[in-house]
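Residue-level structural notes
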Amino acid sequence: MKNSFLLLLFALLFLFPCAVEAQQDAPASSCIGCHSGMQGRLGEPVEQWQGSIHQENGISCSSCHGGDPTLFTMEAMSPEKGFLGVPSNEEIPEFCGSCHVGVLEDYIKSAHGQALGEGGPQCVICHGNHSVKTATLELINQESCTQCHEYGRAGEIKEALAETDQIILNLEDDIQTLHRIGIATDEMKGKIFSIRNQFHRLFHTVDVQKVRNETEDFQLRLQEVRTQVEEVRSELTDRKVIGAAATALLLLAAVLGWILRRTYKKDEEQGRVRKTKEQVR
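The following refers to the structure shown. No experiment lies behind these values; they were computed from the predicted model shown.

A separate point is the environment of phenylalanine 95. Counting through the fold element by element, phenylalanine 95 comes out in helix α6 (residues 92–97). By relative accessible area, which is 21% here, phenylalanine 95 ends up partly exposed. For the pair phenylalanine 95 and cysteine 64, spaced 31 residues apart in the sequence, the C-alpha separation amounts to 7.4 Å. Contact partners of phenylalanine 95, with chain neighbours within four places excluded, come to Cys64, His65, Leu84, Gly85 and Pro87.

A few words now on the packing of aromatic side chains. A full pass over the atoms with the stated rule returns 1 aromatic pair. Ring centres of phenylalanine 199 and phenylalanine 218 lie 5.3 Å apart, and the angle between their planes is 70°; on these two criteria the pair is classed as edge-to-face. Taken together, the residues phenylalanine 199 in helix α12 (residues 186–201) and phenylalanine 218 in helix α13 (residues 208–280) connect sequence positions 19 residues apart. Like phenylalanine 199, the residue phenylalanine 218 is buried in the burial classification.

Running from N to C, helix α11 (residues 152–180) and α12 point in directions that differ by 160°, and their axes come no closer than 11 Å. On the basis of their axis angle, the class for α11 and α12 is roughly antiparallel. The crossing of α11 and α12 is left-handed. Along its contact with α11, which presents Leu161, Thr164, Asp165, Ile168, Leu171, Glu172, Ile175, Gln176, Leu178 and His179, the element α12 presents Met188, Lys189, Ile192, Arg196, Phe199 and His200.

We now examine the nonpolar core. Across soluble globular proteins, nonpolar side chains show a tendency to be buried alongside one another. Ile140, Ile157, Leu161, Leu178, Ile192 and Val225 are the most contacted members of the largest nonpolar core, which has 27 residues in total. Of all the secondary structure elements, the ones that give two or more residues to this core are α11, α12 and α13. When near neighbours in sequence (up to four residues on either side) are disregarded, isoleucine 192 contacts Ile168, Leu171, Glu172, Ile175, Leu222 and Val225.

The next subject is a positive patch on the surface. Together, Arg261, Arg262, Lys265 and Lys266 make up a region of like positive charge exposed at the surface. Along the chain, lysine 265 turns up in helix α13. Exposure remark for lysine 265: the relative accessible area of 54% places this residue in the exposed category.

For α11, which comprises 29 residues, the first-to-last C-alpha distance of 41 Å matches the rise-based estimate of 42 Å (1.5 Å per residue) to within 8%. Taken residue by residue, α11 has Ala154, Gly155, Ile157, Ala160, Leu161, Thr164, Asp165, Ile168, Leu171, Asp174, Ile175 and Leu178 as its buried positions. Just past α11, the residue glycine 182 takes up positive phi, approximately 95°.

It is worth spelling out unusual backbone geometry at this point. Look at valine 206: it is not a glycine, yet its phi comes out positive at around 50°. Mapped onto the fold, valine 206 is located in the loop between α12 and α13. Given the relative accessible area of 14%, valine 206 is considered buried.

Parameters and conventions
- Residues numbered from 1 in each chain as written.
- Predicted model: local features only at pLDDT ≥ 70, side-chain atom pairs only at ≥ 80, totals over all residues.
- Heavy atoms only, no water.
- Helix = DSSP H or I, 4+ residues; strand = E, 2+ residues; numbered from the N terminus.
- Buried < 20%, exposed > 50% of the residue type's maximum accessible area, 1.4 Å probe, protein only.
- Contact = heavy atoms within 4.5 Å.
- Phe/Tyr/Trp six-rings, centres within 6.5 Å; stacked < 30°, edge-to-face > 60°.
- Axes fitted to C-alpha atoms, helices over the stretch in contact; angles between N-to-C directions.
- Parallel < 35°, antiparallel > 145°, perpendicular 65-115°, else oblique.
- Left-handed = near helix turned anticlockwise from the far one by under 90°.
- Core = buried A, V, L, I, M, F, W, Y, C linked by side-chain atoms within 4.5 Å.
- Patch = residues over 30% accessible without salt bridge, like charges linked within 9 Å, V, L, I, M, F, W, Y side chains within 5 Å.
- Areas by Shrake-Rupley, 256 points an atom, 1.4 Å probe, with all protein chains shown as cover.
- Salt bridge = Lys/Arg side-chain N within 4 Å of Asp/Glu carboxyl O.
- Lys, Arg positive; Asp, Glu negative; His and termini not counted.
- Charge placed at Lys NZ, Arg CZ, Asp CG, Glu CD.
- Expected span 1.5 Å × (residues − 1).

This is the structure:
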């Protein structure tokens, strides 16, 4: 009897909280819960996914591989539950393109896409599969590109993208600074997010001339956001000037008030002195 009570107590203290936690993390728990305890290639995806751009944006295993993440049985990976499994090399672009539609369109038309199935690279060759990071120009580098071909054209594309990409990074920093001091920046952030994603699509065309031709248009769109940022800064400067002027006026009023009070008290004191002298006479 005593042992039964202890077992029940153990279940209440330890198993119930775990069940609640699993229920709260249901969208990813059945995949993460199982694979995080596995070794080798079955456990690696979880470790790689943690800290990725996909995790940061709430994209979990089932978002790409399908299945039912609320089930803790093998049924979660059944075709009936929409499980897609691991795509083949040739299927990867369509697999990723279910979300990244615009990039897929550019990739398919590019030299990379045309060479798919004949040794041409697909998405995970450059971006990785589970440890996907924020796309930056650092993805274009000699070490990675020369695994397949010489670096020449890739280097030209990176150089053509570099100036505009730096403008984007500077604007993001400026907008974040405004956000930290309490300015509403959602609209500007949305514009930069859209421009950056469309701009980074250009690389997937693998077309140096197209990158150069379209760069000016992107820079004009970025200039519009820059104008918004500068307008906000100008308004903040005006507020500071007005605030400083108002503060100065208040200080001046306080000084004048102090001088008037001192003058009044002095006159009052002199009046009392004269009155006293007249009384003595």
